[in-house]
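A closer look at the structure
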Amino acid sequence: MTKNNTKQKLIEAMYELIAKEGYEKASINKVCTLAGVKKPTFYHYFNSKEEIFINIIKETYPSDFDDILNKIKSITSVEDYKKALYEYGDKFIESYEVDMDMRKVCAEIDLQTTRMEEAKKIVNECEDFIADSLYQIALHGREIGAFSKDIDLKTFSQNIHNMIIGLDKSFICNIKIDAKKIWRFNIDAMFALSKEIR
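Residues numbered from 1 in each chain as written. Predicted model: local features only at pLDDT ≥ 70, side-chain atom pairs only at ≥ 80, totals over all residues. Heavy atoms only, no water.

The helix and strand inventory of the chain stands at 10 helices and 0 strands. For the chain, the C-alpha atoms occupy an extent of roughly 65 × 35 × 30 Å along the three principal directions. Classification of the 198 residues of the chain by burial places 43% in the buried group. Sequence separation of at least 24 residues holds for 69% of the intrachain contacts in the chain that already meet a minimum separation of 6. Taken as a whole, the chain presents about 11000 Å² of accessible surface, with 50% of it coming from carbon and sulfur. When the 30 positive and 33 negative side-chain charges of the chain are each reduced to one mean point, those points stand 3 Å apart. (Helix = DSSP H or I, 4+ residues; strand = E, 2+ residues; numbered from the N terminus. Buried < 20%, exposed > 50% of the residue type's maximum accessible area, 1.4 Å probe, protein only. Contact = heavy atoms within 4.5 Å. Areas by Shrake-Rupley, 256 points an atom, 1.4 Å probe, with all protein chains shown as cover. Lys, Arg positive; Asp, Glu negative; His and termini not counted. Charge placed at Lys NZ, Arg CZ, Asp CG, Glu CD.)

Right, here's the structure in full:
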């Protein structure tokens, strides 16, 4: 097994344990047993349980916003832009609907941000990156004529971001909602508001 494979195997073992037992019960011994390595191997890659958890946070948060942003920036029609926003929502929602472990890990990340300063810092950095990406997406919408110059794009992008956070919390808490319908309703409402302001 190569170094990177071993490190990834440890991260995957920790992820699996967090999903099953939560962060507090996911001991380094259990991680090593599940990954099939000895404790010194763990400490070769990570200084602590907190450090491997931070790696999980970084891997769990959406890292594909650059791809999404580049795809949307290549769109030139308002209709295709709106469709791309729908598709992003569908992809985000479907990832939560099918991956129960991710729901549990995300819930544990939320909990640990109240206890672990480094986790809170990383989550805030990730959320800032998402917020900035959404603002860039809104700016492109204005450039192609989806939104008038009178629309406050910061508020528009914050609304989308809050919707993502709210849907995330609903999934984590297993609240039964029609997430796709909510997503599309909010996107449609934002486009309708832009038309009214024109």
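One non-glycine residue, Asn174, adopts positive backbone phi at about 55 degrees. Under the relative-accessibility criterion, Asn174 is labelled partly exposed at 41%.

The angle between the axes and the distance between the axes are what describe a pair of packed helices. In the contact formed by helix α6 (residues 78-98) and helix α7 (residues 100-112), the axes pass within 5 Å of each other and the chain directions differ by 95 degrees. Considering their axes alone, α6 and α7 lie roughly perpendicular with respect to each other. Where α6 abuts α7, its residues Ser95, Tyr96, Glu97 and Val98 lie against Met100, Met102, Arg103 and Cys106. Grouping the constituent residues of the contact of α6 with α7 by class yields 5 nonpolar, 1 polar and 2 charged. (Axes fitted to C-alpha atoms, helices over the stretch in contact; angles between N-to-C directions. Parallel < 35°, antiparallel > 145°, perpendicular 65-115°, else oblique. Nonpolar A, V, L, I, M, F, W, Y, C, P; charged D, E, K, R; others polar.)

All chains considered together, the criterion is met by 11 aromatic pairs. Plain terms: the ring middles of Tyr81 and Phe147 are 5.8 Å apart, the flat faces sit at 75 degrees to each other, and that makes the pair edge-to-face. Residue Tyr81 is found in helix α6, and its partner Phe147 is found in the loop between α8 (117-143) and α9 (153-172); the two are separated by 66 residues along the sequence. Each member of the pair, Tyr81 as well as Phe147, is classed as buried. (Phe/Tyr/Trp six-rings, centres within 6.5 Å; stacked < 30°, edge-to-face > 60°.)

Position of Asp168 among the secondary structure elements: in helix α9. Contacts of Asp168, omitting those with residues within four sequence positions, involve Phe92, Tyr96, Cys106 and Asp110.

Time to look at empty space enclosed by the protein. Overall, the coordinates contain 1 cavity of 30 Å³ or more when judged by the stated rule. Roughly 40 Å³ of volume is contained in the largest cavity. In terms of lining, the largest cavity is formed by Phe65, Ile68, Ile72, Leu85, Tyr88, Leu134, Ile137, Ile160 and Trp183. The element best represented in the lining of the largest cavity is helix α5 (residues 65-73), accounting for 3 residues. (1 Å grid on protein atoms, 1.4 Å probe; cavity = no way out; pocket = protein on both sides within 12 Å on 5 of 7 lines; lining within 4 Å. Points joined across faces, edges and corners; volume = space filled by probe spheres on them.)

Looking at α5, one finds that the buried residues are Phe65, Ile68, Leu69 and Ile72. Taken around the axis of α5, the buried residues stretch over an arc of 95 degrees, which confines them to a single face. In α5, the exposed positions angled more than 90 degrees off the buried face are occupied by Asp67 and Asn70. Summarising the contacts, the buried residues of α5 are in contact with α6 and α8. (Arc of directions from axis to C-beta.)

Take a nonpolar patch on the surface next. A cluster of nonpolar residues, Ile175, Ile177 and Ile182, forms a patch on the protein surface that exposes about 220 Å² of accessible area. With respect to the element layout, Ile177 can be found in the loop between α9 and α10 (179-197). Given a relative accessible area of 33%, Ile177 falls into the partly exposed group. (Patch = residues over 30% accessible without salt bridge, like charges linked within 9 Å, V, L, I, M, F, W, Y side chains within 5 Å. Salt bridge = Lys/Arg side-chain N within 4 Å of Asp/Glu carboxyl O.)

To continue, consider the pattern of salt bridges. Applying the stated criterion across every chain yields a total of 10 salt bridges. With its nearest N and O atoms 3.2 Å apart, the salt bridge here joins Glu87 to Lys71. Residue Glu87 is located in helix α6, and its partner Lys71 is located in helix α5; the two are separated by 16 residues in the primary sequence. Here Glu87 falls in the partly exposed class, since its relative accessible area comes to 34%.

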